[in-house]
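Below, each chain spelled out in residue letters.
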Amino acid sequence: MTLAAIIRPEAADTEAGSEEPADTRTTAQAGAGSGQVMPAPKSRQSIASMLPRLRDAAIAGLALLLGVVFWQIATERDLQYIVNFSNVPGPLEVYEAFLANITDPVFHTHLLVSVKRVALSFALATAVGVPVGLLMGRLRLFRAMAMPYVEILRPIPAVAWIPLAILMWPTEESSIVYITFLGAVFPIVLNAMHGAEQTPEVLVRAVRSLGGSGLSIFWHVVLPAALPSIAAGLAIGMGVAWFSLLAGEIISGQYGIGYFTWDAYSMVRTPDIVVGMLMIGLLGSLSTNLVHRAMRPLLRWREKAR
Amino acid sequence: MNVATTHTLFRQHGTPRRSTEEGRIDIEDVSVVFGSGPAAHTAVERTSLAIPPGEFVCLLGPSGCGKSSLLNAIAGHVRPTTGAVRVDGVAVTGPGSDRGMVFQQYSLLPWKTIRENVALGPRLAGKSRGEADATAGTFLNIVGLSLYANRYPAELSGGMQQRVGIARALANYPSVLLMDEPFGALDAQTRLVMQENLLAIWKEFGTTVVFVTHDVDEAIFLADRVLVMSAAPGRVISDIRVPLPRPRRPEMATEPGFVETKRQCLAVIREQSLRAFENQER
């Protein structure tokens, strides 16, 4: 064995029968010139991986089409088997109502107001829920104090909060935001807590031995270790935020997609009920998707793990 | 890279070699007891040791003999139940960057790149990002992993990860390097290379090293002094000086000095195991 091999053991690793996969080494060396590791060329891989995804999309579209066809037939024939379809608007009526609404500025306001409420409530729930959850996961005393509140308050549905929320908060708007916040905050707290609990102790020790303590342990170890779990909590929290918001909007307010839906029922504009429902579904799924996308760059390191 | 360029690297980066005055470890009457009452388990019992600056010491013993507990007491991760640990006369009250630690495995932060892992110590010490990255670059160079600076730990093999672990501990210029079976999870060939690599680095740094292992050959190959520990209760039962010159070479494993030291270690361990057996039968 040469001295060079002692100081620079890659050479020796090769002698000793290559301990790391060959492709790792070649890509790393290819990138060495620029001092950056270049990603492998992606084009061929993406074409191959596009095909199954396209097929999945086609199947999803077909399944939706099947549902709409059934819906059309059921409403056309006034199907009455357990469920009564005679008062349900058909897909074509709903489509027409949708077209009418989508150009109506009032409808835009309904959507915008709801989106704003969810965004505000969700931001507050994240700002409160993540730190509280992390602290609960790491500090025994804090957890013992906070856990009874979480356990008792969490199962209370948003609708049950409405009377008290109206009495507690100065404006209708703030009580709706409060109810929405409550819906989102519990899944965020609990997931952040479970994530923090799973912090590997050896990593905490390692960072302590590097001179870290208190806040730096939280920032460099606990938070990133909990991040996958936090991401899951945020996605669930976003979903719950939407149906808590709807509960709040149905009772009070003069704008919002929940109010729109309930108002359509009171005024017997049945196609609008379905338009409202579908918009809620669409917004809920879009915003959850947005949460996933926003978290993805922070979790990129996990893709590297085999 | 060869030893000469390693020298240059060191010179460029000030004086990584500690003064011969730094890195003295005094273990004074240290016991480590886990739990209390009837469930209490004495991991380390009333141990006193003095390790002079710059010495390479191996703690050798079977698993569960308390050698890791003793190491963790020096590191400050475990508080001694009695006695105290002093490094350069200062009592250890908790972990600190003056005592670098290398763990058995999986101790790199998986969400940080290799460079970020190595730069973390300097960053925590308040260095600017540029300065910390430069230090990380130096030490990655020393362990031969510059090409992997932008990779994540999961992309590296076990041996490479441990080299990063060593670079990370050294980036704080510690006076003491504590190593808890760092090569235990590696295959035999990789381990041999890692041992030589470690000795080459140690020669440049002159840090005091306390190295925990259960491998007799590894202990003798690396150490100036092998401290053999007994299990239950953990105690240093033999203090054996290794008569081999440096630099150590793998061929030395067949030399009379090596063989004699190994015989001594094995005799102590065997005596200890027999006693443990008798105790179990009684």
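Structure first, text after, so check above.
Parameters and conventions
Residues numbered from 1 in each chain as written. Chains lettered and ligands numbered in written order. Predicted model: local features only at pLDDT ≥ 70, side-chain atom pairs only at ≥ 80, totals over all residues. Heavy atoms only, no water. Helix = DSSP H or I, 4+ residues; strand = E, 2+ residues; numbered from the N terminus. Rg over C-alpha atoms; globule rule 2.2 N^0.38 Å. Buried < 20%, exposed > 50% of the residue type's maximum accessible area, 1.4 Å probe, protein only. Contact = heavy atoms within 4.5 Å. Areas by Shrake-Rupley, 256 points an atom, 1.4 Å probe, with all protein chains shown as cover. Lys, Arg positive; Asp, Glu negative; His and termini not counted. Charge placed at Lys NZ, Arg CZ, Asp CG, Glu CD. Phe/Tyr/Trp six-rings, centres within 6.5 Å; stacked < 30°, edge-to-face > 60°. Expected span 1.5 Å × (residues − 1). Polar contact = N/O pair within 3.5 Å; in protein donor to acceptor, adjacent residues only side chain to side chain. Salt bridge = Lys/Arg side-chain N within 4 Å of Asp/Glu carboxyl O. Axes fitted to C-alpha atoms, helices over the stretch in contact; angles between N-to-C directions. Parallel < 35°, antiparallel > 145°, perpendicular 65-115°, else oblique. Left-handed = near helix turned anticlockwise from the far one by under 90°. Nonpolar A, V, L, I, M, F, W, Y, C, P; charged D, E, K, R; others polar. Disulfide = S-S within 2.5 Å. Pairing = 2+ DSSP bridges. Right-handed = clockwise from strand over helix to strand, strands pointing away.

A. The overall build of chain B, seen in detail. The number of helices and strands found in chain B is 8 helices and 10 strands. A globule of 282 residues ought to have a C-alpha radius of gyration of about 19 Å, and chain B, at 19 Å, matches this closely. Here chain B holds 282 residues, and 54% of them are scored as buried. If you take every contact in chain B between residues at least 6 apart in sequence, the share linking residues at least 24 apart comes to 71%. With an accessible surface of roughly 11600 Å², chain B has 52% of that area assigned to carbon and sulfur atoms. Of the charged side chains in chain B, 30 are positive and 29 negative; the average position of the first set lies 3 Å away from that of the second.

B. Structural view of the overall build of chain A. Tallying secondary structure elements over chain A gives 14 helices and 2 strands in all. Residue burial in chain A is summarised as follows: out of 306 residues, 41% are buried. Contacts spanning at least 24 positions in sequence make up 67% of the contacts within chain A whose residues lie at least 6 apart. Taken as a whole, chain A presents about 17700 Å² of accessible surface, with 68% of it coming from carbon and sulfur.

C. Expanded view of the packing of aromatic side chains. A full pass over the atoms with the stated rule returns 11 aromatic pairs over all chains. Measuring from ring centre to ring centre gives 5.2 Å for Trp169 of chain A and Tyr178 of chain A, while their planes differ by 40°; the resulting arrangement is tilted. Here Trp169 of chain A falls in the partly exposed class, since its relative accessible area comes to 34%. Of the residues examined, Tyr178 of chain A reaches a relative accessible area of 14% and is grouped as buried. Geometrically, the ring pair formed by Trp301 of chain A and Trp111 of chain B is edge-to-face, given 5.3 Å between the ring centres and 70° between the ring planes. One end of the pair, Trp301 of chain A, is in helix α14 (residues 300–304); the other, Trp111 of chain B, is in the loop between β6 (99–102) and α3 (114–124), on a second chain. For Trp301 of chain A, a relative accessible area of 13% gives the class buried. Judged by relative accessible area, Trp111 of chain B falls into the buried class, the value being 12%.

D. Looking closely at helix α6 (residues 105–138) of chain A. Under the 1.5 Å per step criterion, the end-to-end length of α6 of chain A is 49 Å for 34 residues, consistent within 8% with the ideal 50 Å. With a side-chain oxygen lying 3.0 Å from the backbone nitrogen of Val106 of chain A, the N-terminal cap of α6 of chain A falls on Asp104 of chain A.

E. Representation of the pattern of salt bridges. Summed over all chains, the structure comprises 21 salt bridges over all chains. One salt bridge connects Asp272 of chain A with Arg269 of chain A, and the closest N-O pair in it is separated by 2.4 Å. Taken together, the shared-partner salt bridges in this structure form one network comprising Glu55, Arg225, Asp239 and Arg241 of chain B.

F. Just the packing of helix α5 (residues 158–170) of chain B against helix α6 (residues 188–205) of chain B, in detail. Residue and element names in this part refer to chain B. Two elements in contact, α5 and α6, have axes whose closest approach is 11 Å; the angle formed by their N-to-C orientations is 15°. Regarding the angle of α5 to α6, the classification is roughly parallel. Considering only the axes of α5 and α6, their crossing is right-handed. Contacts between α5 and α6 involve Gly159, Gln162, Arg163, Ile166 and Leu170 from the first element and Thr190, Met194, Asn197, Ile201 and Phe205 from the second. For the contact of α5 with α6, the per-class residue count stands at 5 nonpolar, 4 polar and 1 charged.

G. Structural view of the state of the cysteines. Residue and element names in this part refer to chain B. Enumeration according to the criterion identifies 0 disulfides over all chains in this entry. Here Cys65 is not disulfide-linked; the sulfur of Cys58 is the nearest cysteine sulfur, at 13 Å. According to the relative accessible area criterion, Cys65 is buried, its value standing at 0%. Cysteine Cys265 shares no disulfide, and the gap to the nearest cysteine sulfur, in Cys58, comes to 9.7 Å.

H. How the structure looks around the environment of Pro228 of chain A. All names here are of chain A. Inspection of the secondary structure assignment puts Pro228 in helix α11 (residues 215–251). Separated by 115 residues in the primary sequence, Pro228 and Val113 place their C-alpha atoms 31 Å from one another. In this structure, Pro228 is in contact with Leu299, Trp301 and Arg302, ignoring residues within four places of it in sequence.

I. Just the side chain of Lys67 of chain B, in detail. All names here are of chain B. One can find Lys67 in helix α2 (residues 67–75). On the accessibility criterion, Lys67 (3% relative accessible area) is buried. Filtering out sequence-adjacent residues up to four positions away, Lys67 remains in contact with Leu59, Leu60, Gly61, Pro62, Glu181, Val212, Thr213, His214 and Met229.

J. Quick peek at the sheet that holds strand β2 (residues 41–51) of chain B. Residues and elements named next belong to chain B. Taken together, 4 strands build an open sheet; the order of strands is β2-β1-β4-β5 and the sheet is antiparallel. With partners counted over all chains shown, the strands left at the sheet margins are β2 and β5 (90–91), one partner each. The pairing of strand β1 (residues 25–34) with strand β4 (residues 82–87) spans 5 bridges and is classified as antiparallel. Paired with Ile27 across the bridge in β4 is Val85. Sheet contacts for α2: β1, β2 and β4; angle to β1, the most-contacted strand, approximately 120°.

K. Focus on the pairing of strand β9 (residues 225–230) of chain B. All names here are of chain B. When you tally the buried positions in β9, you get 6 out of 6 residues, the bulk of the element. Side chains of β9 alternate between two faces, with Arg225, Leu227 and Met229 and Val226, Val228 and Ser230 buried alike. Sheet topology places strand β3 (residues 56–60) next to β9; 4 bridges connect them, and they run parallel. Pairing of Leu59 across the sheet is with Leu227, part of β9. Sheet topology note: the β9/strand β10 (residues 235–241) ladder contains 6 bridges and is antiparallel. Following the sheet pairing, Arg225 is matched in β10 by Arg241.

L. Inspection of the pairing of strand β7 (residues 176–180) of chain B at higher detail. Residue and element names in this part refer to chain B. Of all 5 residues in β7, 5 are buried, a share of seventy percent or more. Taking every second residue as pointing to the same face, both faces of β7 are buried, with Val176, Leu178 and Asp180 on one and Leu177 and Met179 on the other. In this sheet, β7 lies alongside β6 in parallel orientation, the contact comprising 4 bridges. Considered in β7, the bridge of Met101 is made with Leu178. Relative to strand β8 (residues 208–213), β7 runs parallel, the two sharing 5 bridges. Across the sheet, the residue bridging to Leu177 is Val209, located in β8. A crossover connection joins β7 to the parallel β8 through α6; in handedness this β-α-β unit is right-handed.

Purely spatial values, then, with no claim about function.
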